[in-house]
Amino acid sequence: MRKQFFITSIISIGLSIVLGKFVSSSYYYLLFFILPFVVLGCYDVIQTKRSILRNFPVLGHLRYIFESISPEIQQYFIERRTDGTPLSRNQRSLIYQRAKGVKDTHPFGTEHNLMEPGYEFLAHSIFPKEHVEAPRIKIGGPHCTKPYEAALLNISAMSFGALSNRAIEALNIGAREGGFYHNTGEGSISSYHLQGGDLVWQIGTGYFGCRTPDGKFDPEKFRDCAAKPEVKMIEIKLSQGAKPGHGGILPADKNTPEIAGIRGLKPYTTVFSPPGHSAFSNVNGLLKFVEQLRALSNGKPIGFKLCVGRRDEFEELCDEMVKTGITPDFISVDGAEGGTGAAPPEFADHMGIPLERGLVFVVDTLFARGLREHIKIICSGKIISGSSMVRFLALGADLCNSARAMMLAIGCIQAQRCNTNNCPTGVATQDPELIKGLDVKDKSVRVTNFQKNTVKAAMEIVGAIGLEHPDDLRRHHVIKNINATESRLFSEIYPYQDMVVKPL
Ligand SMILES: Cc1cc2nc3c(=O)[nH]c(=O)nc-3n(C[C@H](O)[C@H](O)[C@H](O)COP(=O)(O)O)c2cc1C
Ligand code: SF4
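What counts and what doesn't
Residues numbered from 1 in each chain as written. Chains lettered and ligands numbered in written order. Predicted model: local features only at pLDDT ≥ 70, side-chain atom pairs only at ≥ 80, totals over all residues. Heavy atoms only, no water. Axes fitted to C-alpha atoms, helices over the stretch in contact; angles between N-to-C directions. Helix = DSSP H or I, 4+ residues; strand = E, 2+ residues; numbered from the N terminus. Parallel < 35°, antiparallel > 145°, perpendicular 65-115°, else oblique. Contact = heavy atoms within 4.5 Å. Nonpolar A, V, L, I, M, F, W, Y, C, P; charged D, E, K, R; others polar. 1 Å grid on protein atoms, 1.4 Å probe; cavity = no way out; pocket = protein on both sides within 12 Å on 5 of 7 lines; lining within 4 Å. Points joined across faces, edges and corners; volume = space filled by probe spheres on them. Buried < 20%, exposed > 50% of the residue type's maximum accessible area, 1.4 Å probe, protein only. Polar contact = N/O pair within 3.5 Å; in protein donor to acceptor, adjacent residues only side chain to side chain. Pairing = 2+ DSSP bridges. Right-handed = clockwise from strand over helix to strand, strands pointing away. Expected span 1.5 Å × (residues − 1).

Novice: Kindly report on the packing of helix 6 (residues 89–100) against helix 17 (residues 440–464), identifying the contributing residues and their values.
Specialist: With their axes 6 Å apart at the nearest point, helix 6 and helix 17 run at an angle of 110 degrees to one another. With respect to helix 17, the axis of helix 6 lies roughly perpendicular. Between helix 6, through Ile-95, Arg-98, Ala-99 and Lys-100, and helix 17, the contact on the second element is made entirely by Val-445, Arg-446, Asn-449, Phe-450, Asn-453, Thr-454 and Ala-457. Of the residues contributing to the contact of helix 6 with helix 17, the split by class is 5 nonpolar, 3 polar and 3 charged.

Structure follows, in structure tokens:
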């Protein structure tokens, strides 16, 4: 579109100058305004790519203009407060309010239909507790010599490359000030990640930051990078909910010389991370890799991230843990509803299991094999509020990660152009002109505020349920509408099988 307007303008100006010599000044001004449309119309008729423009020259452009601004039209003029996807206007407002540290109360009562099938409630107590302290969660099983004490809510994996340098810096400083961790994403560790916040270094199938020239795992490079004091834990990425089994895409325009240097790539080329790891190809290989990384990192907690897909494979993996005695220190379960910078729609819409079911499956499978005690479970998938945290903690998670809420905290407006390099807020782009709009100092405060206020809200809910510690949350504390007249406890929908769970 921009190209067409550019060509049209050049031709029009040229013609105006030439014709200006032969016509009077009033005709000249008329020509100046009409000519561009005449030229554009001719171009539309001649071009062969767009039938609408060939059939409706000039006028047809309105369709493309409106299409390109339809998310904004939807958001500003049409959307109701409970509408909007992936996050509704109410959800986005809550994140902005908590991030800015302004009033986050809601007037006049709920706007939701509480009888709607699928709607969920948390069960409060007649004897609520006051002042529930947010605990730190110790991550590190029997083979880990450097356990880490994590916060209840942290920044989920998003790479420098998918996000801008300023966005990464703001997230890291926010994590430093708030005392929670920042997951690097699979794009390796940049200087923007090293602002003093605790890091979880993620290793994807591209092994960025610990890669041989032909893209294989390089143990020496891994050892050097894992030794950084900021790196508190290491996460092997098996899959993410938005595109499980697909691998990653770094578009050429986002692969700047700086990013290429950090990752060990050729600049301005589109880079595909393969869908699977070359360092292992079966469950035993994965566990051996966990063991290798633990040794190379001198005992730091090692875990893996996955969106649950084939259950038989995960069960086989857990059986292998029992057989070999090798266990990860943590497992991050991502829901199919999770976000991404770019994913094929088939994968985003139809691959992988949503967090609620995936999490229950992982928790129950570990419990059934006596593995739950030493493996901490981290969850992610639209965790944006205290109630969403409590819901997943009640289902069995130990702590939560959030990606898109953190993006909103640093200014994302859900324009959904993350895959175009045209992010208007400078969050998900490598265009310096757009990045300069993001003020690191201001946005880092918002990251700290959002995490602090959301955890505070979660602890207030834990108290309202009558508990003194989030560890005491159980499935029967959450209720879900099954249909218009029936609701069930989560413990009825997902019964505790033969697990040893203290009933509360
Ligand atoms: C822009 C963006 C980039 C992401 N990059 C990664 C990544 O490098 N590695 C990864 O495991 N997940 C990545 N994710 C997925 C998130 O870490 C997270 O698992 C998912 O978005 C679910 O959390 P949310 O619903 O809070 O966004 C990315 C998500 C977004 C939105
Ligand atoms: S503002 Fe839009 S393009 Fe930028 S990060 Fe948010 S959703 Fe993506």
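Novice: Describe the packing of helix 8 (residues 219–226) against helix 10 (residues 283–296), with residues and values.
Specialist: In helix packing, the relevant descriptors are the interaxial angle and the interaxial distance, both defined with respect to the helix axes. One way to put it is that helix 8 packs onto helix 10 with a least axis distance of 9 Å and a crossing angle of 55 degrees. Taken as axis vectors, helix 8 and helix 10 run oblique relative to one another. Residue-level contacts link Pro-219, Phe-222 and Arg-223 of helix 8 to Gln-292, Leu-293 and Leu-296 of helix 10.

Novice: Tell me about empty space enclosed by the protein, and please be specific about residues and values.
Specialist: The tally for this structure, following the rule as stated, stands at 2 cavities of 30 Å³ or more. The space that makes up the largest cavity amounts to roughly 90 Å³. Forming the boundary of the largest cavity are 14 residues, of which Lys-237, Leu-238, Ser-239, Gly-247 and Pro-275 lie nearest the centre. Partitioned by chemical class, the residues of the lining of the largest cavity number 2 nonpolar, 9 polar and 3 charged. Of the pockets and cavities examined, the second largest cavity occupies roughly 40 Å³. Lining the second largest cavity are Ser-156, Ala-157, Asn-183, Glu-235, Lys-305, Ser-332, Val-333, Ile-378, Cys-379, Ser-380 and Asn-401. Among the secondary structure elements, those contributing two or more residues to the lining of the second largest cavity are strand 11 (330–334) and strand 12 (376–380). Examining the composition of the lining of the second largest cavity, we find that 3 residues originate from one element, strand 12, more than from any other. Grouping the amino acids of the lining of the second largest cavity by side-chain chemistry returns 4 nonpolar, 5 polar and 2 charged.

Novice: So, the side chain of Asn-183: which residues are in play, and what are the values?
Specialist: By secondary structure assignment, the location of Asn-183 is in strand 5 (residues 181–183). Using a relative accessible area of 1% as the deciding quantity, one classes Asn-183 as buried. Within polar-contact distance, the side chain of Asn-183 engages the backbone nitrogen of Gly-185 at 3.0 Å. Other than its neighbours up to four places away in sequence, Asn-183 contacts Ile-155, Ser-156, Ala-157, Met-158, Val-200, Gln-202 and Glu-235.

Novice: So what's going on with the pairing of strand 13 (residues 399–402)? Which residues, and what values?
Specialist: Where burial is concerned, the two faces of strand 13 agree: the one with Leu-399 and Asn-401 and the one with Cys-400 and Ser-402 are both buried. The pairing of strand 4 (residues 153–155) with strand 13 spans 3 bridges and is parallel. Of the residues in strand 13, the one forming a bridge with Asn-154 is Asn-401. As judged from the 2 bridges shared by strand 12 and strand 13, these two strands associate in the parallel manner. Paired with Cys-379 across the two strands is Cys-400, which belongs to strand 13. You can see the chain leave strand 12, run along helix 14 (residues 386–395) and come back into strand 13, and the turn it takes is right-handed.

Novice: For helix 7 (residues 165–178), give the residues involved together with the corresponding values.
Specialist: With 14 residues, helix 7 should reach 20 Å at 1.5 Å per residue; the first-to-last C-alpha distance of 20 Å fits that figure. Within the span of helix 7, buried status applies to Asn-165, Ala-167, Ile-168, Ala-170, Leu-171, Asn-172, Ile-173, Gly-174 and Ala-175. Positive backbone phi, at 70 degrees, marks Gly-179, one or two positions downstream of helix 7.

Novice: Requested: an account of the side chain of Ser-297, with residues and values cited.
Specialist: When you line up the elements, Ser-297 lands in the loop between helix 10 and strand 10 (302–306). One polar contact links the side chain of Ser-297 to the main-chain carbonyl oxygen of Arg-294, over a distance of 3.2 Å. Excluding anything up to four places from it in sequence, Ser-297 contacts Lys-146, Phe-222, Ala-226, Ile-234 and Ile-302.

Novice: Report on the pairing of strand 7 (residues 231–237), specifying residues and quantitative values.
Specialist: Extensive coverage of strand 7 is indicated by the burial of 6 of its 7 residues. Pairing analysis gives 5 bridges linking strand 6 (residues 198–203) to strand 7, with the strands arranged parallel. Bridged to Ile-203 within strand 7 is Ile-236. Between strand 6 and its parallel partner strand 7, the chain crosses via helix 8, and the hand of that crossover is right-handed. Pairing of strand 7 with strand 10 involves 4 bridges; the strand directions are parallel. Each residue of the ladder has a partner; that of Glu-235, found in strand 10, is Gly-303.

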